[in-house]
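Here is what each chain is made of, one letter per residue.
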Amino acid sequence: MKPYITVIDNSVESIALQGGLRAVKYYPEWEEDPTKFDDYFANFSINAWDRRINRQDCELCNDWKPEMRDIYKGLTSIKECKMRLNNDNVLSEIDAQAIICYALYWQHQEQYKLNKTHHNAIMRSFGRLCKQYYFEPLGLYDHSGCVFYSGIRHGWDYSAVGFVAVERQKCDCTSDQECQAVITEALRAYNAYFNNEIASICIENADGEIIEEHGGFYDDDEINRFLSDSYGLLKEAA
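These figures come from a predicted structure and were not determined experimentally.

**With respect to unusual backbone geometry**
- We note that D157 has phi near 70 degrees; this positive angle belongs to a residue other than glycine.
- Here D157 falls in the partly exposed class, since its relative accessible area comes to 33%.

Next comes the structure, spelled out in structure tokens:
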């Protein structure tokens, strides 16, 4: 008996395979966030202030968007502020999330420009955080679907919504490039999950009986490679 298939955008694709088999691609109604349970993404964290993203899964993350004044949170005077910013223990004095936002976003904006002493103090604290984590800005392109990306982009429908982090010590990422690779793959998987585009396939024989099922595909290229290697891909069927 065929499983229940949820049709997304009125399309279920059928792909012809060798030996009289065919694969039917569909999108299950419910999928778990792959970045939550896949071991490869175990040390990848999202901190986002967009309310559509219910994730703050890092000890440095909060569900509120920090402001520049949070750099001075808890300080009672300008004099005290200067004393603490001149101290190498800044990280314990002010909110870590605000430090991250300053390093990733605010230091490049004229309205948030600090004097050299204060800037250097905050960046020293950020440097200490970076010994444990690798950070990148998190952006969202929202137009006929949502695409999350790392880095900063400008234009219509683009916005900065937070940051992502990879914890270095708990994974095998010995370089920034390896951390960037984790982020790239994690966001590709998260985008598929967020837009309900994690696909599954049923393998049917010539009589229409299901002989195997496979899931967790993030795009058509993954499906075609899997089918070609495992069954021998013939062509896309109408």
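We are not done yet, so read on.
**Examining the sheet that holds strand 5 (residues 146-150)**
- The four strands lie next to each other as 3-6-4-5, forming an open sheet whose pairing is antiparallel. Since the sheet does not close on itself, it has two edges, and those belong to strand 3 (44-48) and strand 5, each with one partner. This sheet shows a mean twist of 30 degrees between the axes of neighbouring strands, independent of strand direction.
- Sheet topology places strand 4 (residues 133-142) next to strand 6 (residues 158-167); nine bridges connect them, and they run antiparallel. Paired with F135 across the two strands is A165, which belongs to strand 6.
- Those strands touched by helix 5 (residues 116-132) are strand 4 and strand 6, and its axis lies near 95 degrees from that of strand 4.
- Packed onto the sheet, helix 6 (residues 176-194) meets strand 3, strand 4, strand 5 and strand 6 and runs at close to 170 degrees relative to strand 5.

**Re the packing of aromatic side chains**
- Enumeration over the complete set of coordinates arrives at 14 aromatic pairs.
- Centre to centre, the rings of W49 and F163 are 6.5 Å apart; their planes meet at 70 degrees, and the pair counts as edge-to-face. Linking W49 in the loop between strand 3 and helix 2 (78-85) with F163 in strand 6, this pair joins segments that are 114 residues apart in sequence.
- Classification of W49 by relative accessible area gives buried; the value is 12%.
- Accessibility expressed as a relative area gives 1% for F163, which makes it buried.
- Their ring planes at 70 degrees and their centres at 6.2 Å tell us that F226 and Y231 sit as a pair that is edge-to-face.
- On the accessibility criterion, F226 (24% relative accessible area) is partly exposed.
- Among the aromatic residues, those joined into a cluster by ring pairs are W49, F126, Y133, F135 and F163.
- Taking the ring centre of Y149 as reference, the NZ or CZ of R153 above it sits at 4.0 Å.

**Thoughts on helix 5**
- Relative to the 24 Å expected for 17 residues at 1.5 Å per residue, helix 5 spans 25 Å between its end C-alpha atoms, a close match to the ideal helical length.
- Three or more residues of helix 5 are buried, namely H118, A121, I122, S125, F126 and L129. When helix 5 is viewed along its axis, its buried side chains cluster within an angular range of 135 degrees and face the same direction. Opposite its buried face, helix 5 presents the exposed residues K116 and K131, each directed more than 90 degrees away.

**Notes on the pattern of salt bridges**
- In total, this model carries six salt bridges according to the counting rule given.
- For R168, the salt bridge identified is with D176, shortest N-O distance 2.9 Å.
- In the salt-bridge network here, residues are joined through shared partners; they are E185, R188, D219 and E222.

**Side note on the pairing of strand 8 (residues 210-217)**
- Across six bridges, the pairing between strand 7 (residues 199-204) and strand 8 is antiparallel. Along strand 8, the bridge assignment pairs I203 with E212.
- In this antiparallel pair of consecutive strands, strand 7 and strand 8, the connection spans five residues, and G208 shows a positive phi of 85 degrees.

What counts, and at which threshold
Residues numbered from 1 in each chain as written. Predicted model: local features only at pLDDT ≥ 70, side-chain atom pairs only at ≥ 80, totals over all residues. Heavy atoms only, no water. Buried < 20%, exposed > 50% of the residue type's maximum accessible area, 1.4 Å probe, protein only. Pairing = 2+ DSSP bridges. Helix = DSSP H or I, 4+ residues; strand = E, 2+ residues; numbered from the N terminus. Axes fitted to C-alpha atoms, helices over the stretch in contact; angles between N-to-C directions. Contact = heavy atoms within 4.5 Å. Phe/Tyr/Trp six-rings, centres within 6.5 Å; stacked < 30°, edge-to-face > 60°. Lys NZ or Arg CZ within 6 Å of the ring centre and 35° of its normal. Expected span 1.5 Å × (residues − 1). Arc of directions from axis to C-beta. Salt bridge = Lys/Arg side-chain N within 4 Å of Asp/Glu carboxyl O.

Everything listed here is a matter of coordinates, which is why it stays silent on function.
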